[in-house]
Amino acid sequence: MIIDSFDAGATAFPDRVFVQGAGLELSYREAADASHAVAAALVRDVQPGTHVAVLYPNHPMVLPAMLGVMRSGAVYVPLNARDPIEDIVWFARFCDVAVLICHEQYASHLERLRAEIPTLKRVIGLTEPLESGGHTITQWLKEFAGRRVDVRREPDDIALIKSSGGTTGRPK
């Protein structure tokens, strides 16, 4: 499983660089800690199998967010930030997304996302809350630092739902 493979790498190479970019560099250990913090926050509100989307540009925190979603037992739904907003909304609605982890640069789309995705219950920002009383990944990294999450998953459980790209029409 994806989490098991990542954890094996984090155990074998905890101080090696896992991801870097946008002025941020995370070792395997730091990425593992961040993914556990995201998972610890999510398990308060989501059940295994809940669809959690991530709408980010190419950013180092996408990977810990993805791993945290999977670690929580939720299903990771990557939304392609390069797609037109119409396709992003369509795919998120098609996937019945309940939680959206969203980079602040897409805040201008939140009203439309909320209006057109009836299953969307929560929006999580990176460093700034994107809704009244909202949470951020940055808050979660502090609030849930050191917590470990181990939600039992079965080999047949869905880990992620990825669109096909949509080069000949809507993403599939």
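To start, this report covers the structure provided alongside it.

Scanning the protein for helices and strands turns up six helices and seven strands. For the protein, the succession of helices and strands along the chain, N to C, is α-β-β-α-β-α-β-α-β-α-β-β-α. The globule rule puts the C-alpha radius of gyration for 172 residues at 16 Å, and the 15 Å found for the protein is close to it. In terms of its C-alpha atoms, the protein occupies a principal-axis envelope of roughly 45 × 35 × 30 Å. When burial is assessed residue by residue, the protein has 49% of its 172 residues classed as buried.

The next point concerns the nonpolar core. Among the nonpolar cores identified, the biggest contains 35 residues, and Y56, I101, I137 and W140 are the most heavily contacted of them. Those elements that provide at least two residues to this core are helix 1 (2-12), helix 2 (28-42), strand 3 (51-56), helix 3 (62-71), strand 5 (99-102) and helix 6 (137-143). Leave out the neighbours within four places in its chain, and W140 touches A37, V38, A41, L42, R44, R122, I124, H135 and A145. Membership of the second largest hydrophobic core comes to 20 residues, among which are V89, F91, L100 and Y106.

Before going further, it helps to spend a moment on the packing of helix 2 against helix 3. For any two helices packed against each other, the geometry is given by the interaxial angle and the distance between the axes. Remark: helix 2 packs on helix 3, axes separated minimally by 7 Å, with the N-to-C direction vectors making an angle of 50 degrees. Between helix 2 and helix 3, the interaxial angle falls into the category oblique. Handedness of the helix 2/helix 3 crossing: right-handed. Where helix 2 approaches helix 3, its residues A31, A34, S35, H36, V38, A39 and L42 are matched on the opposing element by P64, A65, L67, G68, V69 and R71.

Attention now moves to the environment of Q47. Its place among the elements puts Q47 in the loop between helix 2 and strand 3. Counting along the chain gives 108 residues from Q47 to P155, while the straight-line C-alpha distance between them is 17 Å.

The rules behind each value
- Residues numbered from 1 in each chain as written.
- Predicted model: local features only at pLDDT ≥ 70, side-chain atom pairs only at ≥ 80, totals over all residues.
- Heavy atoms only, no water.
- Helix = DSSP H or I, 4+ residues; strand = E, 2+ residues; numbered from the N terminus.
- Rg over C-alpha atoms; globule rule 2.2 N^0.38 Å.
- Buried < 20%, exposed > 50% of the residue type's maximum accessible area, 1.4 Å probe, protein only.
- Core = buried A, V, L, I, M, F, W, Y, C linked by side-chain atoms within 4.5 Å.
- Contact = heavy atoms within 4.5 Å.
- Axes fitted to C-alpha atoms, helices over the stretch in contact; angles between N-to-C directions.
- Parallel < 35°, antiparallel > 145°, perpendicular 65-115°, else oblique.
- Left-handed = near helix turned anticlockwise from the far one by under 90°.

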